[in-house]
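# Close look at the chain arrangement
Each chain is listed here by its residues.
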Amino acid sequence: MSDCDCSTQAGPSLKPLEEALELMLSHAKAVEGIEELPLSAALGRVLARGVVSQVTVPPWDNSAMDGYAVNTGDMQGENTRLPISQRIPAGSAPEPLQPGTAARIFTGAPVPENADAVVIQEVCRQEGDAVIIAEPPKAGANIRRAGEDTERGIEVIPAGVRIGPQHLGLAAAVGVGRVSVYRRLKVALFSSGDELVNPGEPLGPGQIYNSNEFTLKGLLEGLGCEVISLGIVEDTFDATCDALTNAAGQADLVMTSGGVSVGEEDHLKPAVEKLGTLNLWKIAIRPGKPLAFGHIAGTPFIGTPGNPVSLFVTYCLFARPFVLKAQGVRDEELTPTPILAKAGFDWPKPDKRREFARARLELDEQGEARVSLYRSRSSGVLSSLVWANGLAVLTEKQTLAQGDLVQFLPFNELLK
Ligand code: AMP
Ligand code: MG
């Protein structure tokens, strides 16, 4: 044990959230191993090298509309009549505009030399080989300038960004067909508990279904991790040690659910202490106090509590940023940005720990965003997470009244 304040006393030994997260993140290193992928296979992966534009975009001044390219010096007030000297569809290379003429032009086509405006076709009337322009355009009208998106040689997407559809589009637009990404993070997980049975099998006396494995696997796969599921592990010290050693030997990160408290049936803490190092245990939050973090033979370990809601909350607050950093995601994107919205509830008796309450953000009848809380605080009620669309952050020792501003972490921020 090196930097663990792991006394079994409640209260004073609980680590504040920020300190715990900082400690965990100080141990997170981006995976070694970079692969090059075609854009078509890169969605959801994390960029290991920035994307540098191969071209100037757009490469030349081009028309933003269908219409007529003109030189504003040729305009003689309203209803100027100009002969049409050429036709420029997208994908063609125009001749310079002859003085005193207009060129028929289409959206995306290069604006010819000597033209300084495009008149939209709605204000023009074609008569034989000429066009009558109702109103003179301003110089520069309806022209998209060369380089207004980006210039050749500029880094348009930095390393450490998870590739979404918009990044794929921009990489393609700047002529980059292959990208360097970090290899997938391998996470081995198991659920501890003699009471657990997998769904689909009959339940015996005292047994419940193993839901945590599915929640956790879904959360990790949602981030693009390769998950190795090692199933259910019985509540004995030896079985826990064997499972931890097996998991640490084949993954970049070991995650577990349950067995991380102080009862005689909870073996994870002593097992990690025997096999490696426990860096952190017990955090001043609710739900999710008994979160454990340590290392087994150099492999990081995150032990989440067995209560299904505690597992979800501790994953969102601690495991997710750790996983993101280990995947190579840049620091700016490790933690979610909270929304401030009006509380639709009173909170007269705050906890000593910071509470992350299952909550819904909705518009009320006045069209104002309001946060409401789930009816129960029990960390065993999994249907609360399906009802909720985020977590309300209820600061330690602070009361709230209806209408006060409260921080809200939307699931669509926490689950990506
Ligand atoms: P523990 O952290 O092992 O003391 O478990 C706390 C509570 O969570 C107990 O009610 C367990 O039955 C429940 N629990 C533990 N593991 C799971 C699991 N994998 N799926 C569903 N519930 C669990
Ligand atoms: Mg247990």
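The coordinates are above.
A brief structural summary. (Residues numbered from 1 in each chain as written. Chains lettered and ligands numbered in written order. Predicted model: local features only at pLDDT ≥ 70, side-chain atom pairs only at ≥ 80, totals over all residues. Heavy atoms only, no water.)

All right, on to the overall build of the protein chain then. Broken down by element type, the protein chain carries eight helices and 26 strands. At 30 Å, the protein chain has a C-alpha radius of gyration far larger than the 22 Å of a compact globule built from 416 residues. Seen along its three principal axes, the alpha-carbon backbone of the protein chain occupies a region of about 95 × 50 × 45 Å. Of all 416 residues assigned to the protein chain, the portion counted as buried reaches 47%. Sequence-distant contacts, at least 24 apart, represent 71% of the contacts inside the protein chain between residues at least 6 apart. Total accessible area on the protein chain is roughly 19,500 Å²; 50% of this is exposed by carbon and sulfur atoms. Charged side chains of the protein chain number 38 positive and 51 negative; the gap between the two group centres comes to 2 Å. (Helix = DSSP H or I, 4+ residues; strand = E, 2+ residues; numbered from the N terminus. Rg over C-alpha atoms; globule rule 2.2 N^0.38 Å. Buried < 20%, exposed > 50% of the residue type's maximum accessible area, 1.4 Å probe, protein only. Contact = heavy atoms within 4.5 Å. Areas by Shrake-Rupley, 256 points an atom, 1.4 Å probe, with all protein chains shown as cover. Lys, Arg positive; Asp, Glu negative; His and termini not counted. Charge placed at Lys NZ, Arg CZ, Asp CG, Glu CD.)

Attention now moves to the packing of helix α3 (residues 212-222) against helix α6 (residues 308-327). Interhelical geometry of α3 versus α6 gives an angle of 25 degrees and a closest axis separation of 11 Å. On the basis of the axis angle, α3 is roughly parallel to α6. Handedness of the crossing formed by α3 with α6: right-handed. Packed against α3, whose contacting residues are Asn-212, Thr-215, Leu-216, Leu-219 and Leu-220, the element α6 presents Pro-308, Leu-311, Phe-312, Tyr-315 and Val-323 at the interface. Looking at the contact of α3 with α6 residue by residue, the classes come out as eight nonpolar, two polar and no charged. (Axes fitted to C-alpha atoms, helices over the stretch in contact; angles between N-to-C directions. Parallel < 35°, antiparallel > 145°, perpendicular 65-115°, else oblique. Left-handed = near helix turned anticlockwise from the far one by under 90°. Nonpolar A, V, L, I, M, F, W, Y, C, P; charged D, E, K, R; others polar.)

Let us now look at the pattern of salt bridges. Under the definition given, this model contains 21 salt bridges. With its nearest N and O atoms 3.6 Å apart, the salt bridge here joins Arg-286 to Asp-351. Of this pair, Arg-286 sits in strand β19 (residues 285-286) while Asp-351 sits in the loop between β22 (339-343) and β23 (354-363), and the two are 65 residues apart along the sequence. Residue Arg-286 is classed as partly exposed on the basis of its relative accessible area of 24%. You can call Asp-351 buried: its relative accessible area is 17%. Ionic pairing is found between Arg-370 and Asp-364, a salt bridge with its closest N-O pair at 3.0 Å. (Salt bridge = Lys/Arg side-chain N within 4 Å of Asp/Glu carboxyl O.)

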